[in-house]
Amino acid sequence: MSSRQADAALLALALLLAGCGATVSTKGSLAAPPAAATEAREARIAEVTRALLALGPSVDPAEAARAARVAVEVPLARARDWQVTDPPRVHNFKVVNGLRDKGVCQDFADALEIALAGERFRTLELHRAIANARNLKLEHATVIVTASGAPMESGLVLDPWRTGQGRLWVGRVTEDPDYHWESRAAVREWHAAWKARAKAGT
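We now turn to the structure provided with this report. Since the structure is predicted, the reported quantities are computational estimates derived from the model, not experimental observations.

Our focus in this paragraph is the overall build of the protein. Looking only at helices and strands, one finds six helices and five strands in the protein. Overall, the protein shows an N-to-C arrangement of helices and strands of α-α-α-α-α-β-β-β-β-β-α. Taking all contacts inside the protein whose residues are at least 6 apart in sequence as the whole, residues at least 24 apart take part in 60%.

Right, let's get into empty space enclosed by the protein. Summed over the entire model, instances satisfying the criterion amount to one cavity of 30 Å³ or more. Size it by volume and the largest cavity reaches roughly 30 Å³. If you go around the largest cavity, the residues you meet are V84, D86, P87, P88, H91, G103, F108, W161, G164 and Q165. Grouping the constituent residues of the lining of the largest cavity by class yields five nonpolar, four polar and one charged.

A few words on helix α3 (residues 61-81). Taking 1.5 Å of rise per residue, 21 residues should cover 30 Å, and α3 covers 30 Å from first to last C-alpha, within 8% of that figure. Buried within α3 are the following residues: E63, A64, A67, A68, V70, A71, V72, V74, P75, A77 and A79.

Further remarks concern the packing of aromatic side chains. Per the stated rule, a full pass over the model turns up two aromatic pairs. Measuring from centroid to centroid gives 5.0 Å for W82 and F108, while their planes differ by 70 degrees, and the two rings are edge-to-face. Separated by 26 residues along the polypeptide, W82 in the loop between α3 and α4 (88-96) and F108 in helix α5 (residues 105-117) bring together distant segments of the chain. Classification of W82 as buried rests on a relative accessible area of 14%. Classification of F108 by relative accessible area gives buried; the value is 2%. With a centroid separation of 5.3 Å and an interplanar angle of 45 degrees, the aromatic rings of Y179 and W181 are classed as tilted. Per residue, the accessibility class of Y179 equals that of W181, and both read buried.

Side-chain alternation along strand β3 (residues 156-159) places L156 and L158 on one buried face and V157 and D159 on a second face that is also buried. For strand β2 (residues 140-147) and β3, the ladder comprises three bridges, and the chain directions are antiparallel. Of the residues in β3, the one forming a bridge with V143 is L158. As judged from the four bridges shared by β3 and strand β4 (residues 169-172), these two strands associate in the antiparallel manner.

Here we come to unusual backbone geometry. At Q83, a position not held by glycine, the phi torsion is positive, near 55 degrees. Assignment of secondary structure puts Q83 in the loop between α3 and α4. A relative accessible area of 48% means that Q83 is categorised as partly exposed. Positive phi, normally seen in glycine, also occurs at Q165, with a value near 60 degrees. Mapping Q165 onto the fold places it in the loop between β3 and β4.

Conventions used here
- Residues numbered from 1 in each chain as written.
- Predicted model: local features only at pLDDT ≥ 70, side-chain atom pairs only at ≥ 80, totals over all residues.
- Heavy atoms only, no water.
- Helix = DSSP H or I, 4+ residues; strand = E, 2+ residues; numbered from the N terminus.
- Contact = heavy atoms within 4.5 Å.
- 1 Å grid on protein atoms, 1.4 Å probe; cavity = no way out; pocket = protein on both sides within 12 Å on 5 of 7 lines; lining within 4 Å.
- Points joined across faces, edges and corners; volume = space filled by probe spheres on them.
- Nonpolar A, V, L, I, M, F, W, Y, C, P; charged D, E, K, R; others polar.
- Expected span 1.5 Å × (residues − 1).
- Buried < 20%, exposed > 50% of the residue type's maximum accessible area, 1.4 Å probe, protein only.
- Phe/Tyr/Trp six-rings, centres within 6.5 Å; stacked < 30°, edge-to-face > 60°.
- Pairing = 2+ DSSP bridges.

Written out as structure tokens, the structure is:
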């Protein structure tokens, strides 16, 4: 094996171990002209608004529109702040190795949760969720939105990490093709029980 092949193999291994596991395209995209980018962003906000309204008749249209705008625009702004220009796993590798400060899935989930919580919605409820909690190297975090009082499983996943560069992925919790989501509280409970069992076994 040549040194170039060895370097490529090491990079591939590091990317697999960088956390926030997902299957994503590594192809870059050309930057859209400003007018086209604005039009595409507004179309995406309208699409996310419709998805939020579909959570139930109790969802206020104005709140759905506000939540959609935050969910689309805040991750794009944070991606610019954090210099996220690569596919997700490549950027994770940079964060893990100190080449970038932020931009892993938890950073995006934290920023989005804080921004949405600041809107103080009455008809929408926020949930933090984790997938792959039993495999810490591939653990993935996101925000789920439901109608107020509805279970997390009925909600909409707002994932600004998996598509790359702060572009929002949206889908129903029960229809997510890549992840099985658990509440953060359930995952913490599992971790506590696991640590207790491990301590008792020593």
